[in-house]
Amino acid sequence: MTTAMGVPPLDGGRAGRWTLPEELSARVPAEQRSPGLDRDAVRLLVSRGTRVSHHAFVELPGLLRAGDLLVVNTSVTLAAAVDGRVGHARVVVHFSTRGDDGRWAVELREPDGRGTTRARGGGPAGTEVRLPGDVRLVLEEPLADRSARLWWGRVSDADVPGLLRRHGRPIRYSYTDRDQPLSAYQTVFALPSADGAGSAEMPSAARPFTARLVAELVSRGVQFAPVTLHTGVASAEAHEPPYPERFTVPETSARLINAARAGDGRVIGVGTTAVRAVESAAGPDGVVRAARGWTGLVVTPERGVRVVDGLLTGLHEPQASHLLMLEAIAGGKAVDRGYEEALRGRYLWHEFGDVHLILPEESPAALSVENPHTEDCHSNYR
């Protein structure tokens, strides 16, 4: 994709309905909070309609059933942040997305003196950024008409993945305490691609999965359908909807999804990126077909979902466009109820935080058998 990309207007979200206390930002990965913990030592909020229950993430196998299908994103996380200079000024370049013509969509930010960055105006066209190894990046045009945050830029060295491996580090935001190794941002499902492509930011909903937990899920009859969506740089300040991104839905995964839908299994996206990919490959009839390329799909309540029955996702800020997808799957009242409970229960937000499982609404009788932790149970609260 080489032309400027339009951004759909953000006409939803929960901005103004609640605020996120600063202390609820997860500042380090779960395994660093106490000796002996693993990635799966996070909490799991479960929503079925407006009914909410509280769990540990390791309880996930007991909350799913044989025949359920988890759609997972296999994209690797890139070390997408590289230091550079514009004239005498220091900048940090966030490499977001590679275009079909070899250019890269990039975001320029300013170091804030605390190891993270703050927003910086993009452009103008012709701006040259000096990168390590005598590499030059020249900004050419904004990615979209309505925002100058991301720009298409041309890099003098075509081997950008090599540049990132040598000189890059994971993108880090101000709510975190310190830099983390790239391994902290890889999920158990990550598969390196032959061309070095990957995600500028971690598909974080899958981060709590461990090999042990995956094995337990498989042993209980839960299946996995891998897809790939290389996510670009999020809009940390403006919360813009996602730009077009590269995705792949393999034939085998399409068959697994269609088979689950034809039977009694529930199709559950692990992360908004997985949902975006699979919904992009679905026709109006809800049948998923193998597909690859670019997707500009933004899942909203007006568009709805055609394939997924549920979603496992992190907790999003009130301005985040991702909440439109949650509303499309669960409805606005369910989203509001879930976030009310997440705030009351002191759940942790962001990529190292707790997770939220949205399942189809079920009868109270079925819930009482399957789930002893009711919405009034506070045994798992901090």
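Scroll up a little and you will see the structure.
Residues numbered from 1 in each chain as written. Predicted model: local features only at pLDDT ≥ 70, side-chain atom pairs only at ≥ 80, totals over all residues. Heavy atoms only, no water.

Undergrad: Even after reading the chapter, I still don't get the packing of helix H6 (residues 322–330) against helix H7 (residues 332–344), so can you show me in this structure?
TA: Any two packed helices are characterised by how steeply their axes cross, that is the angle between the axes, and by the distance between the axes. Packing of H6 against H7 leaves a shortest axis separation of 7 Å and a crossing angle of 115°. When H6 is examined against H7, the residues Leu323, Leu326, Glu327 and Ala330 are found in contact with a partner set consisting of Gly332, Ala334, Val335 and Tyr339. Along the lines of polarity and charge, the residues of the contact of H6 with H7 split into six nonpolar, one polar and one charged. (Axes fitted to C-alpha atoms, helices over the stretch in contact; angles between N-to-C directions. Helix = DSSP H or I, 4+ residues; strand = E, 2+ residues; numbered from the N terminus. Contact = heavy atoms within 4.5 Å. Nonpolar A, V, L, I, M, F, W, Y, C, P; charged D, E, K, R; others polar.)

Undergrad: I keep staring at the sheet that holds strand S1 (residues 43–48) and nothing clicks. Help me out?
TA: Strand pairing in a sheet relies on backbone hydrogen bonds, with the paired strands running either antiparallel or parallel. With mixed pairing, the nine strands of this open sheet are ordered in space as S2-S1-S16-S15-S13-S3-S11-S12-S14. Since the sheet does not close on itself, it has two edges, and those belong to strand S2 (51–56) and strand S14 (291–295), each with one partner. Sheet twist, expressed as the mean angle between neighbouring strand axes with direction ignored, is 20°. The pairing of strand S13 (residues 267–270) with strand S15 (residues 310–314) spans three bridges and is classified as parallel. Pairing of Gly269 across the sheet is with Leu311, part of S15. With respect to the sheet, helix H4 (residues 251–262) is in contact with strand S3 (69–73), strand S11 (223–230), strand S12 (245–249) and S13, its orientation differing from that of S11 by roughly 130°. (Pairing = 2+ DSSP bridges.)

Undergrad: What is the right way to look at the packing of aromatic side chains in this model?
TA: Here a ring pair, both rings aromatic, is described through the centre-centre distance and the interplanar angle of the planes. With the rule as written, the count across this model stands at seven aromatic pairs. Relative to Phe352, the ring of Tyr185 has its centre 5.4 Å away and its plane inclined at 55°; by these criteria the two rings are tilted. Of this pair, Tyr185 sits in the loop between helix H2 (160–167) and helix H3 (211–219) while Phe352 sits in the loop between H7 and strand S16 (355–359); the two residues are 167 residues apart in sequence, bridging distant segments of the chain. The burial state of Tyr185 is the same as that of Phe352; both residues are buried. Ring-pair connections join several aromatic residues into one group, and the members of that group are Phe57, Phe189, Phe209 and Phe224. In this structure, Arg43 is placed above the aromatic ring of Tyr347, and the distance from its NZ or CZ to the ring centre is 3.9 Å. (Phe/Tyr/Trp six-rings, centres within 6.5 Å; stacked < 30°, edge-to-face > 60°. Buried < 20%, exposed > 50% of the residue type's maximum accessible area, 1.4 Å probe, protein only. Lys NZ or Arg CZ within 6 Å of the ring centre and 35° of its normal.)

Undergrad: Please clarify how the pairing of S15 should be interpreted in this entry.
TA: As a general feature of sheets, a regular strand has side chains that alternate between the two faces. A large share of S15 lies buried, amounting to five of its five residues. Neither face of S15 is open: one carries Gly310, Leu312 and Gly314, the other Leu311 and Thr313, and all of them are buried. Here S15 pairs with S16 via four bridges, running antiparallel. For Leu312, the partnering residue across the bridge sits in S16 and is Leu357.

Undergrad: For this particular structure, what's the right way to read the environment of Thr228?
TA: Examined against the element boundaries, Thr228 turns out to sit in strand S11. Residues Thr228 and Ala274 lie 46 residues apart in sequence; the distance between their C-alpha atoms is 7.3 Å. If we ignore the near neighbours within four places in the chain, the residues touching Thr228 are Asn73, Thr74, Ser75, Arg246, Phe247, Thr248 and Ala277. Within the structure, the side chain of Thr228 is placed 2.7 Å from the side chain of Thr74, a separation counted as a polar contact. (Polar contact = N/O pair within 3.5 Å; in protein donor to acceptor, adjacent residues only side chain to side chain.)

Undergrad: In this structure, what is going on with unusual backbone geometry? I would like to understand it.
TA: Note: most residues except glycine have negative phi, and most peptide bonds are trans. Its identity as a non-glycine residue notwithstanding, Arg346 has a phi of 60°, on the positive side. Tracing the chain through its elements places Arg346 in the loop between H7 and S16. One non-glycine residue, His350, lies in positive phi territory at about 80°. Inspection of the secondary structure assignment puts His350 in the loop between H7 and S16.

Undergrad: Looking at this model, I keep getting lost on H7. Mind explaining?
TA: Owing to its 3.6 residues per turn, the α-helix brings residues three or four apart onto one side. With 13 residues, H7 ought to run about 18 Å at 1.5 Å a step, and its terminal C-alpha atoms sit 18 Å apart, in line with that. Among all positions in H7, only Ala334, Val335, Arg337, Gly338, Tyr339, Glu341, Ala342 and Leu343 are buried. In this fold, the buried residues of H7 make contact with S1, S2, S15, H6 and S16. Arg346 sits one or two positions beyond H7 and adopts a positive phi of about 60°. (Expected span 1.5 Å × (residues − 1).)

Undergrad: Hey, could you run me through the nonpolar core in this one?
TA: Generally speaking, a soluble globular protein has its nonpolar side chains buried in company with each other. Grouped together as the largest cluster of nonpolar side chains are 40 residues, with contacts concentrated most on Val249, Ile257, Val267, Val288, Tyr339 and Trp349. Breaking this core down by element, the ones donating at least two residues are S3, S11, S12, H4, helix H5 (272–280), H6 and H7. Ignoring any residue separated from it by four or fewer positions in sequence, one finds Val288 in contact with Val249, Ala254, Ile257, Asn258, Val278, Ala281, Ala282 and Val307. Judged by nonpolar contacts, the second largest core, of 29 residues, contains Ala80, Phe95, Leu137 and Leu139. (Core = buried A, V, L, I, M, F, W, Y, C linked by side-chain atoms within 4.5 Å.)

Undergrad: Help me understand H2 in this model?
TA: Among all positions in H2, only Val160, Pro161, Gly162, Leu163 and Leu164 are buried. The opening residue of H2 is Asp159, an N-cap whose side-chain oxygen sits 3.0 Å from the backbone nitrogen of Gly162.

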